[in-house]
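Below, each chain spelled out in residue letters.
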Amino acid sequence: MNINATLFGQMVTFALLVWFTMKYVWPPLLQALEERKKKIADGLAAAEKGKHEMELAEKRATSALKDAKDQAAEIVNLAQKRANALVDESKEAAKTEGERILANARSEIDRELESAKEDLRKQVSVLAIDAAEKILQREVDQKKHKEILAGLGKQLG
Amino acid sequence: MATEAHDTGGATGYIVHHLTPLSAGEGFWTLHVDTLFFSVFLGAVFLFFFRKAAEQATSGIPGPLQNFVEMIVEFVDTQVKDSFHGRNALIAPLALSIFVWVFLMNTMDLLPVDLLPDVGKAIGLEYLRVVPSTDLNATFGMSISVFFLIIFYSLKVKGPVHFAKEFLFHPFDSVALIPFNLLLNTVEYLAKPVSLGLRLFGNMYAGELIFILIALLPWWIQPALSFPWAVFHILIITLQAFIFMVLTIVYLSLAHESH
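I will try to describe carefully the structure that is included in this document. (Residues numbered from 1 in each chain as written. Chains lettered and ligands numbered in written order. Predicted model: local features only at pLDDT ≥ 70, side-chain atom pairs only at ≥ 80, totals over all residues. Heavy atoms only, no water.)

What about the overall build of chain A?
And step 1. Looking only at helices and strands, chain A has two helices and zero strands in total.
And step 2. Taking 15 Å as the expected radius of gyration for a compact globule of 157 residues, we find that chain A reaches 62 Å, considerably beyond that expectation.
And step 3. Here the C-alpha coordinates of chain A stretch approximately 200 × 25 × 15 Å along the principal axes.
And step 4. Split into buried and exposed, the 157 residues of chain A put 13% on the buried side.
And step 5. Total accessible area on chain A is roughly 12,900 Å²; 61% of this is exposed by carbon and sulfur atoms. (Helix = DSSP H or I, 4+ residues; strand = E, 2+ residues; numbered from the N terminus. Rg over C-alpha atoms; globule rule 2.2 N^0.38 Å. Buried < 20%, exposed > 50% of the residue type's maximum accessible area, 1.4 Å probe, protein only. Areas by Shrake-Rupley, 256 points an atom, 1.4 Å probe, with all protein chains shown as cover.)

Observations concerning a negative patch on the surface
And step 1. Residues Asp88, Glu89, Glu92 and Glu99 of chain A make up a contiguous surface patch of negative charge.
And step 2. Mapped onto the fold, Glu99 of chain A is located in helix α1 (residues 6-138). (Patch = residues over 30% accessible without salt bridge, like charges linked within 9 Å, V, L, I, M, F, W, Y side chains within 5 Å. Salt bridge = Lys/Arg side-chain N within 4 Å of Asp/Glu carboxyl O. Lys, Arg positive; Asp, Glu negative; His and termini not counted. Charge placed at Lys NZ, Arg CZ, Asp CG, Glu CD.)

Regarding the pattern of salt bridges
And step 1. A full pass over the atoms with the stated rule returns eleven salt bridges over all chains.
And step 2. Its salt-bridge partner being Lys37 of chain A, residue Glu34 of chain A comes within 3.7 Å of it at the nearest N-O pair. Placement of both Glu34 of chain A and Lys37 of chain A in helix α1 is noted, with a separation of three residues, approximately one turn of the helix.
And step 3. Judged by its relative accessible area of 41%, Glu34 of chain A is partly exposed.
And step 4. In this structure, Arg129 of chain B and Asp135 of chain B form a salt bridge, with 3.4 Å as the shortest nitrogen-oxygen distance. Asp135 of chain B matches Arg129 of chain B in its accessibility class, with the two residues each being buried.

Quick word on the interface of chain A and chain B
And step 1. Residue-level contacts link 29 residues of chain A with 50 residues of chain B.
And step 2. With both chains or domains summed, chain A and chain B bury close to 3,700 Å², and 74% of this area falls on carbon and sulfur atoms.
And step 3. On the surface where chain A and chain B come into contact, there are one salt bridge.
And step 4. When the shortest N-O distance is used, the salt bridge between Glu70 of chain B and Arg36 of chain A registers 2.7 Å.
And step 5. Remark: the boundary between chain A and chain B carries 14 residue pairs in polar contact (both at pLDDT 80 or more). (Contact = heavy atoms within 4.5 Å. Buried area = accessible area lost by both parts, 1.4 Å probe. Polar contact = N/O pair within 3.5 Å; in protein donor to acceptor, adjacent residues only side chain to side chain.)

Things to note about a nonpolar patch on the surface
Residue and element names in this part refer to chain B.
And step 1. There is a patch of nonpolar side chains on the surface, built from Leu217, Trp219, Trp220, Ile221 and Leu225 and spanning about 560 Å² of accessible area.
And step 2. Within the secondary structure layout, Leu225 lies in helix α10 (residues 222-255).
And step 3. Note on Leu225: relative accessible area 37%, which makes it partly exposed.

Overview of helix α7 (residues 136-158) of chain B
Residues and elements named next belong to chain B.
And step 1. In this model, α7 (23 residues) spans 32 Å end to end at C-alpha, consistent with the 33 Å of a helix rising 1.5 Å per residue.
And step 2. A distance of 2.9 Å separates the backbone nitrogen of Asn137 from a side-chain oxygen at the start of α7, and that oxygen is part of Asp135.
And step 3. Where α7 terminates, the next one or two residues include Gly159, which has phi positive at roughly 85 degrees. (Expected span 1.5 Å × (residues − 1).)

A look at the nonpolar core
And step 1. One finds Phe50, Val76 and Leu96 of chain B to be the most contacted residues of the largest nonpolar core, which totals 59 residues.
And step 2. For this core, the element with the most residues is helix α5 (residues 91-107) of chain B, which contributes eleven residues.
And step 3. When residues no more than four places from it in sequence are discounted, the contact partners of Phe50 of chain B are Val25 and Leu29 of chain A together with Val69, Ile72, Val73, Leu96 and Val100 of chain B.
And step 4. Counting 17 residues, the second-largest nonpolar core is a separate cluster that includes Leu7 of chain A together with Val113, Phe211 and Trp229 of chain B. (Core = buried A, V, L, I, M, F, W, Y, C linked by side-chain atoms within 4.5 Å.)

Re α5 of chain B
And step 1. Look at α5 of chain B: 24 Å from first C-alpha to last across 17 residues, which is about the 24 Å you get at 1.5 Å a residue.
And step 2. Burial within α5 of chain B is extensive, with 14 of its 17 residues counted as buried.

Spelled out as structure tokens, the structure:
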């Protein structure tokens, strides 16, 4: 328990220990710690930035999606309208065509009727003349009959 | 072991044997070979592992050794930053050296009290005291070195004139009270290394003594006492290393400030 020269030995040892620590142990360790601190800070900042960018991209994507949807809806709308118009158009065309055909048929019928009437008229007059001739051949009063026939002809004509 | 000691001189003989250092030389020039050997060896252990970690230090992912070393370094660095506000590249490495070295020297206390002395006996060493911090030379070696640093930085930062003025006119600013101030300041300055060295020595010496006393008891009761004491001692050895470090930082911090 007595103080002796060991004290000097311990002091020298202590001094060497501190010197070595100060020169070779402390600086590299502290430098590594500082560098890691910086790295972590940088990493955190980068992560923050990345997150922000992702948010922006998400916003952009959402708006792009919305635009695309709107556009698609518009296109569908337009197509529907066009289809409706086409259907209407063809309906109209079919109607006109039908009417035209109907009108044609009507006029054809009218013409046929007219010519049939004419034929009949001609035939009746021929038959009447025939009948008249026959009558005349039996009753001779040519003069009277001629008058009657003339009157008849006038009526028919 | 204990019985063996009883054979060669009783309980007192056993205790005295355990507290007698392995010495070489005569009078003042005696060297406590065991204290020197263990403190140098533990210092080398400290430097070896910390230098290894420092060499491989990377700012990337640290390995287990670097992780462990960094933990201690950061702990010490925080303490220094908390208490010391000047700029001095010596303080932090000094604090680290003190903390780890004192801790390792104190840790020797946790080895079984008879383990190394018996090994020493087997290789022909009559005495072996394995805990360097139970030697006043070791604790005062550090505290006196710290005292020199206090004086050195006081002179360097404050300047000799200011330092002398502070010594003579503080705390009482009066010419008549110069002798009183001188006495007060001398005591104050001397108390620092003495209290530093004695505190560590006293704690470790007492702890070791209790381990030795427990070793004198019957073998079947020893674990019931030595185990709790060892667990408690883990706290003490860490605390003493911490106190020595923090007080060193505080003293040097005071040396850097002027009143």
